[in-house]
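For reference, the chains in residue letters:
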Amino acid sequence: MLAAFPYLTNLIFLPIVGAIALMVLRVDDTAARFITLCIGIVETLLALTLLGGFALGDAGWQFVELHPWMPAAGLTYHLAVDGLSLFMVVLSAVLLPLCTLCSWTYISKRVKEFHVCLLLMTGACVGVFVAMDLVLFYIFWEAMLVPMYLLIAVWGGPRRRYASIKFFLYTLAGSTLLLAAIVALYVHEGTFSIPALMQGDYAFDFQCWIFLAMALAFAIKVPMFPFHTWLPAAHVEAPSAGSVLLASVLLKMGTYGFLRFCIGLTPAAADHYAPLMLAISVASILYGGFVALGQQDMKKLIAYSSVAHMGFVTLGIFVFTQAGVEGALMVMLNHGIVTGALFMMVGAIYERSHSREITQNMGLGKHLPAFMGFFGLFALASLGFPGLNSFVGELLVLIGAFEFNTWLGMAGIPGAMLAAAYMLRLGLKMAYGQPASPAGKGWGDLNLREWTYLLPLAFLTLYLGIAPGLALKVVTPSVEKLLTDYRAKVHMTMQAKAVPTSPALAKLDAHLAGKTQGEVR
Amino acid sequence: MSQYNLALCLPELALFGVMAVLFVQSLTPDGSKRCLCWLPYGGLATIAAALIGMGDSGSLFYGAYQIDALSQFFKLAVAVGFTIAALNAANPPQLDAAKKPDFYFFLAASAWGLMLLASCVECVTIYVALEISSYSLYAVVPLRAKERQAAEAGVKYILFGAVATAIALYGLSYLWGSHGTTYLAVLAGKDFSLAGAPLAAVGLAMFLCGMFYKLALFPFHFWAPDVYQGSANETSAFIATLPKLGAAVVLVRFAALLTPGLEVTLLLAVLGAISMTYGNLAALAQRDIKRLLGYSSVAHAGYLMLGLVSGTAEGLAAASFYALVYILMNLAIFWVLCRLAPDGKNVALEDLDGLSRREPVLALVLAVSAFALVGLPPTAGFMGKLMLLKSAWGHGYNWLVIVAVLNTAIAIYYYLSLVRHAYTHDADDVPAGSVKRPMGDLVWGLALAVVLLVMGTMPGAIFDLATAAGHAVMP
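Residues numbered from 1 in each chain as written. Chains lettered and ligands numbered in written order. Predicted model: local features only at pLDDT ≥ 70, side-chain atom pairs only at ≥ 80, totals over all residues. Heavy atoms only, no water.

- Under an unreviewed UniProt entry, the name given to chain B is NADH-quinone oxidoreductase subunit N, and the organism recorded is Megalodesulfovibrio gigas.
- Listed in UniProt under the heading Subunit (unreviewed entry), the comment for chain B reads: "NDH-1 is composed of 14 different subunits. Subunits NuoA, H, J, K, L, M, N constitute the membrane sector of the complex."
- According to its UniProt record, chain B has this under Sequence similarities (unreviewed entry): "Belongs to the complex I subunit 2 family." (UniProt positions renumbered as here; feature names shortened; annotations may be inferred.)

- Taking an unreviewed UniProt entry as the reference, chain A is identified by name as Putative proton-translocating NADH-quinone oxidoreductase, chain M belonging to Megalodesulfovibrio gigas.
- In its Sequence similarities (unreviewed entry) section, the UniProt record describing chain A reads: "Belongs to the complex I subunit 4 family."

Below, the structure written as structure tokens:
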């Protein structure tokens, strides 16, 4: 259905227009902060209305906007959301005011430009998740790099230039092949429309090439081991808001790409390469966990933990079971909330101690109880503590992995244990460690501004942990549809090619058959 | 219809008028030479004439001179390019006031030659038009005479030009000898395979060398970095942009003769691939920005081949569109360079340090044009590249598409370093906003940046023109 009010266009262009206005206006630093905050609040309200208007139980496209854009070249301005993308859109929008708040005192130079970058980032991020035209998708996908590059390169830490260039080159080099894949798909089907391309029937070999080209771009963005090396550098050097956006939204673009394009457009190839992707996912989980265990820098620790968490997401995606994919989507959302919050807290403590070394920020339990309370909550959530949000997603992913193969499920377990180890180590040291200097006494506890941006995230952490039902209701129909389509298309391609069915598909067949029987009974 | 219906040649006549006034002014005594403030209006008049002539079609001079959608598209592009280049070159710092009318006269004459080139459909006429546009540039390059590099650049440009056109002329003799005609329309039906007509195939390849030289395509690119570096910034801005249009239009016309898979087409594709890779790799090491842009123009000449080898109207449209986008991107970046060098010196990467603090507007224009040259959305460069890739895929040149996208990844590094120096390297001694710049400089620069962004997001109307141009030569 076509939307009566263009929510999605507004979500994309409100921050972009705001950024242009901010660029042109002559305003002082405080005014720039307030303007961005106001835009962020409006953006959040828009996103919440979108969430409220989303029809539960409907697996189709919602809030569709379709206009001709460049008919001669086959381009359309086509936006829509479904259960796979809705939460990412809302998350991108909600983070804007929170990021503004957490940078309020953190950023003191070139304040206006900083907020321009923040606004442009948000607009582009929303665009990536709602674009239904491949070129539009690619435009937002690339456009987002420039503000992120500037965020790291201008407002980052001491090695910001190195980190920002590495980030830019890595991600852009990866996505050049994505462009080639987009062109190849267009020439094959004569359209850039994603829903139309999903109806297409592609030969197996063609699918494999497209899959590989796209998967490289997405794997770099996720990032999956061994394409992750840009991430710790970027995270450590970026300012807090940059780290938050990077972890909460940017990384999700890769996994979203896997779901939407690799499974939606090239199902047979995804099936064919699933063992490889699963192996890399397990490697990411273990590698990220082990390396996080050895970190002394808080940001680096959280960055490597992100590699591990994103490994869970890709693990869930490529087992192709209902539980696995739903779990992957839940981890995407929850990782966005929790890791974003953790990065904000690291930023808050950095403002006090001017160091991100764990040893310089110990023994805070006595002096900063509220801070440690929040930190403990988010750290527990991050390690997958039952009753908090991440638990639901990781549990579902592990269920999916066990459904697929017992050994695969077993391989994922150490990841969860490692998460407990490194997060508890961090939390314990910060709360009860022997402080290196008595400086901690003089630091004030959380102020009103910090309460303001942490409370919503804490609320979401608890709410999604205790009552994940509503969130699952949003994603379940879309995941069902995705997997049913996937299965049908793989069978079609395999029959044409006479390729033997993979174990993953056999499992899915059995799973879906069992489900149908259950429904009959 | 008359063979001499000059109403069809409005843009050429308008530009010729500008030339004539400049010629008279260059002869007058010194006092009256200084006022060249009318020149931008002359340029605008040329653009207006090109717009009026947009829908014209016809044939003049016994079929040697064709007015069609393709020629009118390129004439408009030349008129726009000339106007921007003239605006950009207002008050070239290293030039005596007395030489100014001569300088502009040569630029206008070269642009006029390029306009003629857009309409030529007969090989000898093409050759003559090519030489008109080249000779005036030979005169302009060494005008920065006080520097040794300028003399070297001038000599290099003339010698390379002479060799290239000599090869072209030699090739033309083969072409004529084997098929007995120099009219493109007649040649279109002939055989150009090495097996069927070896002389014609070789002759065609050699004739195209003249265009390769203008386009700075490998292996005729050696002049580009040296000439860009050696000539004045304003002159480089002209040489780096407009002659490419002339070469592009002739190549588009010739590409209509070629079918994919032919040896000559394959040669174009191979040269394109080498050009992209070599140009980008060489640009990585440059510190002088004009030299960097020189090598990058070699790479861009390679990208253009994507559209030419596909053998479809879409491909030719994409090449035409990209040629226009390319001159706009390059003029925008040269606009910034010329503003940054009031003393006329070459600008090195380090000179950009702290630009975003000193002059935020120029830094923004630089960033937009650099990202457009990379082909990053949402700029015109991205749309142009997308059209090129789209047109080449599926016509036997998928490998060339892969080479092109991989090259984009190489190109990012050096274009990004422009932005990096402007935004992240702080020159400590210059406080923010310390340079007072005339409003006009900033407004025109911003206008160019906005055009690049608008053409990236809403290229519809201009792409339709390019499509019409593509269909004009290959229905």
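**A closer look at the overall build of chain B**
Part 1: Counting secondary structure elements, chain B contains 20 helices and 2 strands.
Part 2: The C-alpha radius of gyration of chain B comes to 21 Å, within 12% of the 23 Å expected for a compact globule of 475 residues.
Part 3: Oriented by its inertia axes, the alpha-carbon framework of chain B measures out at about 70 × 55 × 40 Å.
Part 4: For chain B, the proportion of its 475 residues judged to be buried stands at 63%.
Part 5: When contacts within chain B are restricted to residue pairs at least 6 apart in sequence, long-range pairs at least 24 apart make up 80% of them.
Part 6: With the model as given, the accessible surface of chain B reaches about 15,400 Å², and the carbon-plus-sulfur share is 70%.
Part 7: The averaged location of the 26 negative side-chain charges in chain B is 3 Å from the averaged location of its 25 positive side-chain charges. (Helix = DSSP H or I, 4+ residues; strand = E, 2+ residues; numbered from the N terminus. Rg over C-alpha atoms; globule rule 2.2 N^0.38 Å. Buried < 20%, exposed > 50% of the residue type's maximum accessible area, 1.4 Å probe, protein only. Contact = heavy atoms within 4.5 Å. Areas by Shrake-Rupley, 256 points an atom, 1.4 Å probe, with all protein chains shown as cover. Lys, Arg positive; Asp, Glu negative; His and termini not counted. Charge placed at Lys NZ, Arg CZ, Asp CG, Glu CD.)

**Quick word on the UniProt feature "domain: NADH:quinone oxidoreductase/Mrp antiporter transmembrane" (unreviewed entry) in chain A**
Part 1: Sequence positions flagged by UniProt for "domain: NADH:quinone oxidoreductase/Mrp antiporter transmembrane" (unreviewed entry) are, in local numbering, residues 131-411 of chain A.
Part 2: Counted over residues 131-411 of chain A, helix gives 80% and strand 0%. Its end C-alpha atoms are 36 Å apart.

**Remarks on the nonpolar core**
Part 1: In terms of nonpolar packing, the biggest core is built from 406 residues, with A:Phe258, A:Phe371, A:Phe378 and B:Met383 touching the most fellow members.
Part 2: Apart from the residues lying within four places of it in its own chain, the contact partners of A:Phe378 are A:Val338, A:Ala341, A:Leu342, A:Met345, A:Leu454, A:Leu457, A:Ala458 and A:Thr461. (Core = buried A, V, L, I, M, F, W, Y, C linked by side-chain atoms within 4.5 Å.)

**Digging into the pattern of salt bridges**
Residues and elements named next belong to chain B.
Part 1: All told, the structure shown has 10 salt bridges over all chains when counted by the stated rule.
Part 2: Between Asp 441 and Arg 339 there is a salt bridge, and its shortest N-O distance comes to 3.3 Å. Of the two residues, Asp 441 is situated in helix H19 (residues 439-457) and Arg 339 in helix H14 (residues 313-340); the sequence distance between them amounts to 102 residues. Take Asp 441 and Arg 339: they sit in the same class, and that class is buried. (Salt bridge = Lys/Arg side-chain N within 4 Å of Asp/Glu carboxyl O.)

**Quick look at the side chain of A:Asp82**
All names here are of chain A.
Part 1: Relative to the helices and strands, Asp 82 resides in the loop between strand E2 (75-81) and helix H3 (86-102).
Part 2: We classify Asp 82 as buried; its relative accessible area is 6%.
Part 3: Not counting residues within four places of it along the chain, the set of residues in contact with Asp 82 comprises Phe 54, Ala 59, Gly 60, Trp 61, Arg 260 and Ser 478.

**Some details on the confidence of the model for chain A**
All names here are of chain A.
Part 1: Looking at chain A as a whole, the pLDDT averages 86, with 94% of positions reaching at least 70.
Part 2: Here helix H21 (residues 503-520) stands out as the element of chain A with the lowest mean pLDDT, 61, in contrast to helix H4 (residues 111-130), whose mean of 92 is the highest.
Part 3: Within the model, pLDDT remains below 50 along residues 517-521, and this stretch shows 0 contacts once partners closer than five positions in the same chain are excluded. (pLDDT = per-residue confidence, 0-100.)

**With respect to the interface of chain A and chain B**
Part 1: Taken together, the contact between chain A and chain B spans 33 residues of the former and 34 residues of the latter.
Part 2: Summing both sides of the interface, chain A and chain B together bury roughly 3,000 Å²; the carbon and sulfur share of this comes to 80%.
Part 3: Considering only the surface of chain A that becomes buried against chain B, A:Met70, A:Arg110 and A:Arg161 emerge as the three largest contributors, covering 18% of it.
Part 4: The interface formed by chain A and chain B holds 3 residue pairs in polar contact (both at pLDDT 80 or more) in total.
Part 5: Going through the elements one at a time, strand E1 (62-70), helix H5 (134-143), helix H6 (145-155) and helix H7 (160-189) of chain A are the ones with two or more residues in the side of chain A that touches chain B.
Part 6: Element by element, the count of residues in the side of chain A that touches chain B is highest for H7(A), at 15 residues.
Part 7: Residues belonging to the side of chain A that touches chain B are distributed by class as follows: 28 nonpolar, 1 polar and 4 charged. (Buried area = accessible area lost by both parts, 1.4 Å probe. Polar contact = N/O pair within 3.5 Å; in protein donor to acceptor, adjacent residues only side chain to side chain. Nonpolar A, V, L, I, M, F, W, Y, C, P; charged D, E, K, R; others polar.)

**A few points about the packing of helix H1 (residues 7-24) of chain A against H4(A)**
Residue and element names in this part refer to chain A.
Part 1: Put simply, H1 and H4 touch, their axes get as near as 8 Å, and they point 160° apart. Judged by the angle between their axes, H1 and H4 are roughly antiparallel. The chirality of how H1 crosses H4 is left-handed. Where H1 approaches H4, its residues Leu 8, Leu 11, Ile 12, Pro 15, Ile 16, Gly 18, Ala 19, Leu 22 and Met 23 are matched on the opposing element by Lys 112, His 115, Val 116, Leu 119, Leu 120, Thr 122, Gly 123, Val 126, Gly 127 and Val 130.
Part 2: Of the residues in the contact of H1 with H4, the class split is 13 nonpolar, 5 polar and 1 charged. (Axes fitted to C-alpha atoms, helices over the stretch in contact; angles between N-to-C directions. Parallel < 35°, antiparallel > 145°, perpendicular 65-115°, else oblique. Left-handed = near helix turned anticlockwise from the far one by under 90°.)

**Regarding the side chain of A:Arg449**
All names here are of chain A.
Part 1: As for its placement among the helices and strands, Arg 449 is situated in helix H19 (residues 448-466).
Part 2: In this structure Arg 449 is buried but unpaired, with Glu 450 as the nearest side chain of opposite charge at 4.2 Å.
Part 3: Here the side chain of Arg 449 touches Leu 101 through a polar contact of 2.6 Å, landing on its backbone oxygen.
Part 4: Not counting chain neighbours up to four residues away, the residues in contact with Arg 449 comprise Leu 101, Cys 102, Trp 104, Thr 105 and Glu 351.

**A word on the packing of aromatic side chains**
Part 1: Applying the stated criterion across every chain yields a total of 49 aromatic pairs over all chains.
Part 2: Centroid distance B:Phe23 to B:Phe105: 5.6 Å. Interplanar angle 45°. Geometry classified as tilted. Linking B:Phe23 in helix H1 (residues 10-27) with B:Phe105 in helix H4 (residues 100-119), this pair joins segments that are 82 residues apart in sequence.
Part 3: The side chain of A:Arg356 reaches across the aromatic face of A:Tyr350, ending 4.6 Å from its centre.
Part 4: Here B:Lys385 stacks its cationic end above the ring of B:Tyr303, 4.3 Å away from the centre of that ring. (Phe/Tyr/Trp six-rings, centres within 6.5 Å; stacked < 30°, edge-to-face > 60°. Lys NZ or Arg CZ within 6 Å of the ring centre and 35° of its normal.)

**Some points on unusual backbone geometry**
Apart from glycine, the bulk of residues carry a negative phi angle, and the bulk of peptide bonds sit in the trans form.
Part 1: Geometrically, the link from A:Phe225 to A:Pro226 is a cis peptide bond, its omega value of 0° lying close to zero.
Part 2: As for its placement among the helices and strands, A:Pro226 is situated in the loop between helix H9 (204-221) and helix H10 (230-237).
Part 3: Cis geometry is found at the peptide bond from B:Phe218 to B:Pro219, where omega equals 0°.
Part 4: For B:Phe61, which is not glycine, the phi dihedral falls at a positive 50°.
Part 5: Tracing the chain through its elements places B:Phe61 in the loop between strand E1 (58-60) and strand E2 (65-67).
Part 6: Overall, B:Phe61 belongs to the partly exposed group, its relative accessible area being 34%.

**Some details on helix H12 (residues 267-293) of chain A**
Part 1: Taking 1.5 Å of rise per residue, the 27 residues of H12(A) would be expected to cover 39 Å, and the 36 Å separating its terminal C-alpha atoms lies within 8% of that figure.
Part 2: Of all the bends in H12(A), the greatest, near 55°, is centred on A:Tyr273, and the proline A:Pro275 appears no more than four residues after it. (Expected span 1.5 Å × (residues − 1). Bend = angle between axes of the 7 residues up to and from the residue.)

**A word on H3(A)**
Part 1: Given a rise of 1.5 Å per residue, 17 residues ought to cover 24 Å, and the 25 Å separating the end C-alpha atoms of H3(A) matches this to within 8%.
Part 2: Where H3(A) bends most, the angle comes to about 30°, and this point is A:Leu96, followed within four residues by the proline A:Pro97.

**Remarks on the confidence of the model for chain B**
Part 1: With 95% of its residues at a pLDDT of at least 70, chain B reaches an overall mean of 85.
Part 2: With a pTM of 0.88, the predicted complex shows an ipTM of 0.84.

**Observations regarding the environment of A:Ala47**
All names here are of chain A.
Part 1: When you line up the elements, Ala 47 lands in helix H2 (residues 29-53).
Part 2: When the C-alpha positions of Ala 47 and Leu 91 are compared, they lie 8.5 Å apart, and in sequence the two are 44 residues distant.
Part 3: Ala 47 has contacts with Leu 11, Val 90 and Ala 93, leaving out every residue within four places of it along the chain.

**Structural notes on the pairing of E2(A)**
All names here are of chain A.
Part 1: Burial analysis of E2 places 6 of its 7 residues in the buried class, which makes it a mostly covered element.
Part 2: Examined bridge by bridge, E1 and E2 share 6 bridges and lie antiparallel to one another. Paired with Pro 68 across the two strands is Thr 76, which belongs to E2. (Pairing = 2+ DSSP bridges.)

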